[in-house]
Amino acid sequence: MKKILLLSVLLLVGVMTYAQQALWGSAPVVSPEIHDDNTVTFRLKAPKAVKVQITGDFLAPIPIQTPNGVWEAPGVADLKEGKDGVWEYTTPEPLAPELYSYSFIVDDLKMMDPANVYMIRDVATVTNVFIIGGGRADLYEVNDVPHGTVSRIWYNSPTLKMERRLTVYTPAGYETSGKRYPVFYLLHGMGGDEEAWIALGRTSQILDNLIAQGKAEPMIVVMTNGNASQEAAPGETQYGFKAPSMNLPQTMEGTFETAFPDVVKFIDKTYRTKANKKNRAIAGLSMGGYHSLHISKQYPDMFNYVGLFSAAIMPDKSVKSPIYDDFDQKLKTQFAKKPALYWIGIGKTDFLYQANVDYRKLLDEHNYKYTYYESEGGHIWRNWRIYLTEFAPLLFK
């Protein structure tokens, strides 16, 4: 009887082990492994692969010439095959504190790291991510501080004649305080959506940490979908799992700017806001900076704080909209009303750098006051997270 029981136990253990292997695959390797000196080792078990590479934003960027200027693509490095078909790459130098993204390339096929479950979507590209802590990057981590609430909420846009979705951050204590709060409208770039700033920009972590440190005022942050033809992010609409795309209609031709008061009215009606210009800010990256520029000058009594992060400046010459008419006069009216802050940030190798130089020259010629922040690098999320950490503490003081 004991032998039968023992055999049954062994059989059960064998079945469970097989089931776990079937569910999880072979024993996982550790990847990425962050060492004490902040060098990082990446591993991939691929015994049948001929060539394995890694591409990521921690590697020296590759400049690519395009009709719109020079873009910086993530660099590429080779992994070396070791024991049991495990390929490995260790960074030659420690990595600086930052949120990094990467992918593997196996025999020319791009793939995720199966040992790392943490991934982020940027338009139609999915990458693995990891954080090297310290310095500014501590703001990107979840720390032991009071946490705000992130909600996805639908609103009706009478101008666009559709229900649309927003992502809204409310600071820690909003639900119980009974207080009213200032509002910061934070806009994404081309191809992005209302998920971009919360996922790639680490908005909730940054605001939680800045507020807890007393460096930023408690505020509501509203992250819109700047694609006026969309209800919401891909996969979150009645149209199902539609592929994300950069080539969307009604993005930079005036429709979104025209409809923006619908968002402000909804937020003021739905949340406990301080519903006046003094307590409103707007900022955005790239296309979102373009939207912030034109919305703030179109409605000069709506926003007291304006941030242009790597912003596109002027519409294509073929675009015709009342939003872009009388540009100089609208800008004059806006600055005559003395906004509390007009903030411009750009990377030294950003393809929009010259456009921002030209715009600043225009502002200087008219003695329009602004704050300027120049960083290393190009048109990348690393810079936009930096700009958010610099801009948010200046609001509502």
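Since we're looking at a predicted model, the values are computed, not measured.

Cut-offs applied
All residue numbers here refer to positions counted from 1 along the written sequence of the relevant chain. Local features in a predicted model are, by the rule used here, given only for residues with pLDDT of at least 70; side-chain atom pairs are given and counted only at 80 or more, and totals for whole chains, interfaces and linings are based on all residues. The basis for every side-chain value is the complete set of non-hydrogen atoms in the structure, without hydrogens or water. Cavity means a closed set of points on a 1 Å grid over the protein atoms alone, one where a 1.4 Å probe fits but cannot get out, pocket means an open set with protein on both sides within 12 Å along at least 5 of 7 lines, and lining means a residue has an atom within 4 Å of a point. Grid points are joined across faces, edges and corners, and a volume is the space filled by probe spheres set on the points. Side-chain classes are defined by residue name, with Ala, Val, Leu, Ile, Met, Phe, Trp, Tyr, Cys and Pro counting as nonpolar, Asp, Glu, Lys and Arg as charged, and the others, Gly among them, as polar. Remark: nonpolar core denotes a set of buried residues (Ala, Val, Leu, Ile, Met, Phe, Trp, Tyr, Cys) joined through side-chain atoms within 4.5 Å. Note on classification: 1.4 Å probe, protein chains only; a residue is buried when its accessible area is under 20% of the maximum for its type, exposed when over 50%, partly exposed between these limits. Each helix is a run of H or I in the DSSP string that is no shorter than four residues. Each strand is a run of E no shorter than two, and both are numbered from the N terminus. In this analysis, two residues are considered to be in contact whenever any of their non-hydrogen atoms come within 4.5 Å of each other. We define a polar contact as two N or O atoms separated by no more than 3.5 Å, with the added condition that, inside protein, one atom must be a possible hydrogen donor and the other a possible acceptor, whereas residues neighbouring each other in sequence contribute only through side-chain atom pairs. Fitted lines through C-alpha atoms give the axes, limited to the stretch in contact for helices. The angle between two N-to-C directions lies from 0 to 180 degrees. In this scheme, roughly parallel covers angles under 35 degrees and roughly antiparallel covers those over 145, while 65 to 115 is roughly perpendicular and the rest are oblique. Working rule for handedness: look at the near helix, and if it is turned counterclockwise from the far one by less than a right angle, call the crossing left-handed; if clockwise, right-handed. Each reported salt bridge corresponds to a side-chain nitrogen of Lys or Arg within 4 Å of a carboxyl oxygen of Asp or Glu.

Colleague: With reference to specific residues and values, describe the layout of surface pockets.
Modeller: The computed volume of the second largest pocket comes to approximately 270 Å³. Taken together, 15 residues form the lining of the second largest pocket, with Ser 229, Gln 230, Thr 237, Tyr 239 and Lys 242 sitting closest to its centre. Of the residues belonging to the lining of the second largest pocket, the class tally is 8 nonpolar, 5 polar and 2 charged.

Colleague: For the nonpolar core, give the residues involved together with the corresponding values.
Modeller: Side chains of nonpolar character tend, in soluble globular proteins, to be buried together. One finds Leu 166, Tyr 185, Phe 260, Ile 267, Tyr 342, Tyr 359 and Leu 363 to be the most contacted residues of the largest nonpolar core, which totals 47 residues. Here this core gets 7 residues from one element, more than from any other, and that element is helix α5 (residues 255-270). Look past the residues within four positions of Leu 363 in its chain and what remains in contact with it is Leu 331, Phe 335, Tyr 342, Ile 344, Tyr 368 and Tyr 370.

Colleague: Got a sec to walk through the side chain of Asn 227? Specific residues and values, please.
Modeller: Position of Asn 227 among the secondary structure elements: in the loop between β16 (220-223) and α5. Within the structure, the side chain of Asn 227 is placed 2.8 Å from the backbone oxygen of Gly 192, a separation counted as a polar contact. Ignoring anything within four residues of it in the chain, the contact list for Asn 227 reads Arg 164, His 188, Gly 192, Asp 193, Leu 248, Gln 250, Thr 251 and Met 287.

Colleague: I'd like to hear about the packing of helix α4 (residues 203-212) against helix α9 (residues 381-391), residue by residue, with values.
Modeller: In contact at an axis separation of 10 Å, α4 and α9 are set at 30° when each is read in the N-to-C sense. It follows from the interaxial angle that α4 and α9 lie roughly parallel. Our pair here, α4 against α9, has a crossing hand that is right-handed. Each of Thr 203, Ile 206 and Leu 210 in α4 lies in contact with α9, whose residues at this interface are Arg 385, Leu 388 and Thr 389. Residues of the contact of α4 with α9, tallied by class, amount to 3 nonpolar, 2 polar and 1 charged.

Colleague: Can you explain the pattern of salt bridges? Please cite residues and give values.
Modeller: This model, assessed by the stated rule, comprises 14 salt bridges. Note that Asp 301 is salt-bridged to Lys 337, the shortest N-O span being 3.2 Å. Here Lys 337 lies in the loop between α7 (327-336) and β19 (341-347) and Asp 301 lies in the loop between α6 (287-298) and β18 (305-309), a separation of 36 residues in the sequence. What makes Asp 301 exposed here is its relative accessible area of 52%. Note on Lys 337: relative accessible area 37%, which makes it partly exposed. Across the pair Glu 376 and Lys 348 runs a salt bridge, and its minimum N-O distance is 2.8 Å. Pair noted here: Glu 376 is in the loop between β20 (371-375) and α9 and Lys 348 is in the loop between β19 and α8 (353-365), with a separation of 28 residues, a long-range link. Under the relative-accessibility criterion, Glu 376 is labelled exposed at 55%. Three or more residues joined by partner-sharing salt bridges are found here, namely Arg 152, Arg 165, Glu 194, Glu 195 and Glu 236.

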